Amino acid sequence: MIKHTLTWRHGVALLVALGLAACGGSDPSGTTATGPSAGGSGPSGQAATEAIPDVAGGTTAPPDVVVRDALDDDGPAPSEAVAQDAPSAPTALQASGTGRGQPAAAAVSAEMSFQRGVSPSASYAGVADTWLQQAVPSANAGADTALTTDRDAPAGSGQRATTLLRFDLSAIPRGAKVQAAELSFTVTNRTSGEPFVLYAARRAWNESQATWNQAAASTPWEAPGARGAGDRGSTVLGQLLPTATGRYAVSLNAAGVAVVQGWVNAPQTNHGFVLDAITNMDGMVLASSEAADPAQRPRLSVKYEPAFVHPGLHVSAAQLDFVRARIAAGAQPWSIEFSRAQRKGHGNPNWVPRPVAHMRCGNGGSKVDEGCYDARQDALAAYTLALLWYHTRDQRYADGAIRILDAYADTLQSIAFVYGDYDTHNGPLQAAWLAELFPRSAEILRHSNSGWPQERAVRFGEMLRRVMLSRIVDGWTSGGSNWNNSMTNGVMNIAVYTDDRALFEKALGMWRQRVRETIYLASDGAEPVPAPNQRGADGRWKSGSLAKAWWGQTEFSSRTNGISQEVCRDFGHATMSIASLSQAAETALLQGVDLYAEEEARLIAGAEFMAKYLAAHAPASNGKATVGVDPWLCARRSEFVNKDKQPVPNNTIEVQILPTWEILYNHYVNRRGRAMPATAALLPKVRAGGSTTDLQMSWETLTHAGVGAVGL
């Protein structure tokens, strides 16, 4: 908390000028996280792609191995469901799809103090102060060690004295939300009677030149003593009445906080405060910023909500600039990934979006697809075009991406979900996927001078909150895994894009819970961490629910260290969780929160456990393969997993490489120097396969390969 002391002395008006330059657990009914493709499914689990008509009516080549979902088993129809958790009831917010989805989490605060020679550092010299003397109208007191505010100086003269004080607050980041501000002083001559009053200064002044008549050598006050309407505001920002010598503090009122906020937003408007004696004839004297003892000098403390870094969602400007330079140099693997983005369909600047007003996405035997597949393809196209815009500055790419985002902001009104209805079953998951992918392009475009009008960018954010956030902000009640991890990532993206600090805190809490439910560490004990609704009265797993939630995995020990919740289902779904967890951790790090460090052992173990099987057994080109494993792995898989309506064998896994892994590897190996040998062996296969999905896994090699700690 801010706690300082503000003091005033002998009847002199003090002009204070502050210089700011300153899926879930189990997807219900055993369904996979996939929506139906208009074109059906291609070989090896790859989605068939459609030729995209351009505005002239022609077509472009299909995109480069777009693994639409690559998880093409939609699960059993309602009449033939395998043994498995029933769909968990959503919260009222999820069921209704209404409301802003605003959590009640408290905002994080930072505090910074400004005192000459003390803080923010001993070298800080950003304070200017002086006092103006009616009795000596041409005298400058900028070098004085004391500041006087009075209505009778010298005594018996009835003349005024007024003080000016300014702090350079450029260390407070632009965009920060000021929550409180406090001035503290050392009173060397106390006062009594009526309080002294703070106003905002409206005119620039010079510490070494200001006098009763002049704000600066060539600039007079509108009225002598800085008393004109153009010299100071008329709203009282705080009052002082120190009745004893020593340290004294005053907290600015709401109007004062608003004034400081204005200075943070527009530093050029910061001319500080005026402290004046309205009626008090008992003057007040304060130590100035020239006082010999630094601890006695005036201090301003500001409590604020830190600003978000933009662009700072999934990638930062520094990372994008690093990659842009590598592309210009023809370096690999960035250049080949950039060429892929340029050549293929999703990089077509004439891409025609296909939004619908009301989206319905089925699963669990339902093939209903009203705008679902098209929306994911449009989101991937917008992101691809945004990356191409940033790396080329070709306005056609920006315009193409903006056209997609504007179309959805203007058209999409709802994503339907009715509990128990398989025709809308994937609504929350669809909302999560779109919240993972759409904000990436919007964030880049909004903060790279793309020509996207601010009001349109805001309107897009409103659509994200209205349509998607309401479906995902409370997660899915079936525990961890890909649904909940996608929702967490989506909530974090929307929080950053819309500058919602409370929502960001909510997303951090979701991540911290879900990562422990998703990835098992031997240190968790003989069982993995259950979700709240999976716990019995004793806090342990409810009877029979563990094997169901973990798709037939029954042993949890040192040899299963790092296994994740959907490994026994298939590696495709398990990879989706790895992707969402790592992407959210990256976004959090860009915003100053190191989730990576909090769960380093868990994330590395989770990646390495899967990577050792993928590197050894997964086919090329994102294909799938079923391989036999040790008897302690997936021992009861046949009870919970069906493929082609038939139980799968026990002690088998289905491996498939999807285009993620770069983010975790870059952080832990390139930034932190940790060893991830299995992931290192896997990466060449990842880069040789497809570059994108229309879910959350797209262009990671282009954005995160080898970027190291750039920008951090």
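Residues numbered from 1 in each chain as written. Predicted model: local features only at pLDDT ≥ 70, side-chain atom pairs only at ≥ 80, totals over all residues. Heavy atoms only, no water.

Regarding the side chain of Asn 666
Piece 1. With respect to the helices and strands, the residue Asn 666 is situated in helix α15 (residues 662-671).
Piece 2. With residues up to four places along the chain from it excluded, the contact list for Asn 666 reads Arg 671, His 704, Gly 706, Val 707 and Gly 708. (Helix = DSSP H or I, 4+ residues; strand = E, 2+ residues; numbered from the N terminus. Contact = heavy atoms within 4.5 Å.)

A look at the state of the cysteines
Piece 1. Tallying each qualifying case throughout the model produces two disulfides.
Piece 2. Covalently, Cys 361 is tied to Cys 372 through a disulfide, its sulfur atoms 2.0 Å apart. Here Cys 361 and Cys 372 share a disulfide; its torsion about the S-S bond, -105°, makes the bridge left-handed. With Cys 361 in strand β19 (residues 358-361) and Cys 372 in helix α5 (residues 372-392), this pair connects stretches of sequence that are 11 residues apart.
Piece 3. For Cys 361, a relative accessible area of 3% translates into the label buried.
Piece 4. Here Cys 568 connects covalently by a disulfide to Cys 634, the sulfurs 2.1 Å from one another. When the S-S torsion is -90°, as for the bridge of Cys 568 with Cys 634, the disulfide is left-handed. Taken together, the residues span a long stretch of sequence, with Cys 568 in the loop between α11 (545-549) and α12 (571-590) and Cys 634 in the loop between β22 (624-628) and β23 (642-643) at a distance of 66 residues.
Piece 5. On the basis of relative accessibility, which here comes to 1%, the residue Cys 568 falls in the buried class.
Piece 6. Cysteines bonded in the protein are numbered consecutively along the chain; their disulfide partners then correspond to 1-2, 3-4. (Disulfide = S-S within 2.5 Å. Buried < 20%, exposed > 50% of the residue type's maximum accessible area, 1.4 Å probe, protein only.)

Looking at the sheet that holds β19
Piece 1. Read across the open sheet, the three strands follow the order β20-β19-β21; overall the sheet is mixed. In this open sheet, the two strands that pair with only one neighbour each are β20 (369-370) and β21 (414-415).
Piece 2. As paired elements, β19 and β20 share two bridges and run antiparallel to each other. Looking at β20, one finds that Cys 361 is bridged to Asp 369.
Piece 3. Each of β19 and β20 is contacted by α5, which is oriented at about 110° to β19, the strand it contacts most. (Pairing = 2+ DSSP bridges. Axes fitted to C-alpha atoms, helices over the stretch in contact; angles between N-to-C directions.)

What about the pairing of strand β15 (residues 284-287)?
Piece 1. Side chains Met 284 and Leu 286 project from β15 onto one buried face, and the interleaved Val 285 and Ala 287 project onto a second face that is buried too.
Piece 2. Of the pairings in the sheet, the one linking strand β6 (residues 146-150) to β15 comprises four bridges and is antiparallel in character. Its bridge partner lying in β15, Ala 146 is registered against Ala 287.
Piece 3. Two elements, strand β8 (residues 177-189) and β15, share two bridges in a ladder whose sense is antiparallel. Bridging from a neighbouring strand, Asn 189 pairs with Val 285 of β15.

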